[in-house]
Amino acid sequence: MMDFQPPARPPKAESIVPMINVVFLLLIFFLMTAQIAPPEPFEVASPQAGKAGDPKGEVTLYLSAEGLAQYQDQRGEAAFAALKAELGEIKEVVLRADAKAQGARLAEVMAELRRAGFSAIELVVELK
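On a predicted model such as this, the values are computed, not experimentally measured, just so you know.

What counts, and where the lines are drawn
Residues numbered from 1 in each chain as written. Predicted model: local features only at pLDDT ≥ 70, side-chain atom pairs only at ≥ 80, totals over all residues. Heavy atoms only, no water. Helix = DSSP H or I, 4+ residues; strand = E, 2+ residues; numbered from the N terminus. Buried < 20%, exposed > 50% of the residue type's maximum accessible area, 1.4 Å probe, protein only. Contact = heavy atoms within 4.5 Å. Axes fitted to C-alpha atoms, helices over the stretch in contact; angles between N-to-C directions. Parallel < 35°, antiparallel > 145°, perpendicular 65-115°, else oblique. Left-handed = near helix turned anticlockwise from the far one by under 90°. Nonpolar A, V, L, I, M, F, W, Y, C, P; charged D, E, K, R; others polar. Pairing = 2+ DSSP bridges. Right-handed = clockwise from strand over helix to strand, strands pointing away. Salt bridge = Lys/Arg side-chain N within 4 Å of Asp/Glu carboxyl O.

(A) Local environment of the environment of Val 109. In this structure, Val 109 sits in helix H3 (residues 103-116). The buried category is assigned to Val 109, whose relative accessible area is 0%. A C-alpha to C-alpha distance of 9.8 Å links Val 109 and Leu 68, two positions 41 residues apart in sequence. Each residue touching Val 109, except ones within four places of it in the same chain, is listed here: Leu 61, Leu 63, Phe 80 and Leu 95.

(B) Region of the structure containing the packing of helix H2 (residues 77-85) against H3. Packing of H2 against H3 leaves a shortest axis separation of 10 Å and a crossing angle of 30 degrees. Accordingly, the angle class assigned to the pair H2 and H3 is roughly parallel. Of the two elements, H2 crosses H3, and the hand of that crossing is right-handed. Facing Phe 80, Leu 83 and Lys 84 of H2, the residues of H3 in contact are Arg 105, Val 109, Glu 112, Leu 113 and Ala 116. A class-by-class count of the residues in the contact of H2 with H3 yields five nonpolar, no polar and three charged.

(C) Looking closely at the pairing of strand E5 (residues 92-97). The element E5 is extensively covered by neighbouring structure, given that five of its six residues are classed as buried. Taken together, the five bridges between strand E2 (residues 59-63) and E5 define a ladder with parallel strand orientation. By the bridge assignment, Leu 61 is partnered in E5 with Leu 95. Summarising the sheet, E5 and strand E6 (residues 120-123) pair through four bridges and their orientation is parallel. Pairing of Val 93 across the sheet is with Ile 121, part of E6. Once the chain exits E5 it traverses H3 before rejoining the sheet at E6, and the crossover so formed is right-handed.

(D) Focus on the pattern of salt bridges. Evaluated as defined, the whole model comprises three salt bridges. The salt bridge involving Glu 108 is made with Arg 105; its shortest N-O contact spans 3.3 Å. With Glu 108 and Arg 105 both in helix H3 and three residues apart, the pair spans about one turn of that helix. The exposure class of Glu 108 is partly exposed, given its relative accessible area of 47%. Overall, the relative accessible area of 23% leaves Arg 105 in the partly exposed class. When the shortest N-O distance is used, the salt bridge between Arg 115 and Glu 112 registers 2.9 Å. Here the residue Arg 115 and the residue Glu 112 both occupy positions in helix H3, the gap between them amounting to three residues, near one helical turn. A residue is classified by how much of its surface remains accessible, and Arg 115, at 61% relative accessible area, is exposed. Overlapping salt bridges bring together Lys 84, Glu 112 and Arg 115 as one network.

(E) Focus on the sheet that holds E2. Strands sit in the order E4-E3-E2-E5-E6 across an open sheet of five strands; the sheet is mixed. One side of each edge strand has no neighbouring strand; the edge strands of this open sheet are strand E4 (74-75) and E6. Pairing between E2 and strand E3 (residues 69-71): two bridges, direction antiparallel. Within the sheet, the bridge partner assigned to Tyr 62 lies in E3 and is Gln 70.

Printed below as a string of structure tokens:
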């Protein structure tokens, strides 16, 4: 007896398209929820204190161990000018000063920020 049935087809390979879709959706999710911040302009070792909290200011001014101030791409007096330009909508500034910065320079920077019109200055510290 002859068998006239068509030969059995091999099972169809599973599609990886759904897996690729899930990977792309996860990638988009993580990109949307990630907080992308510019890198710090220079290494800052914050001073230590008995109590620390999360800074709430919207802009950050960096002060190096040598006393150099930087905001975004501006250094020195240009950094203060750039901060003053943003004063309209922002009243709070975060100051990330290096622990090795001289206290007199830190006081000068804080006085300059106060004269610029900032109502709150937060100094970032680390817990002991």
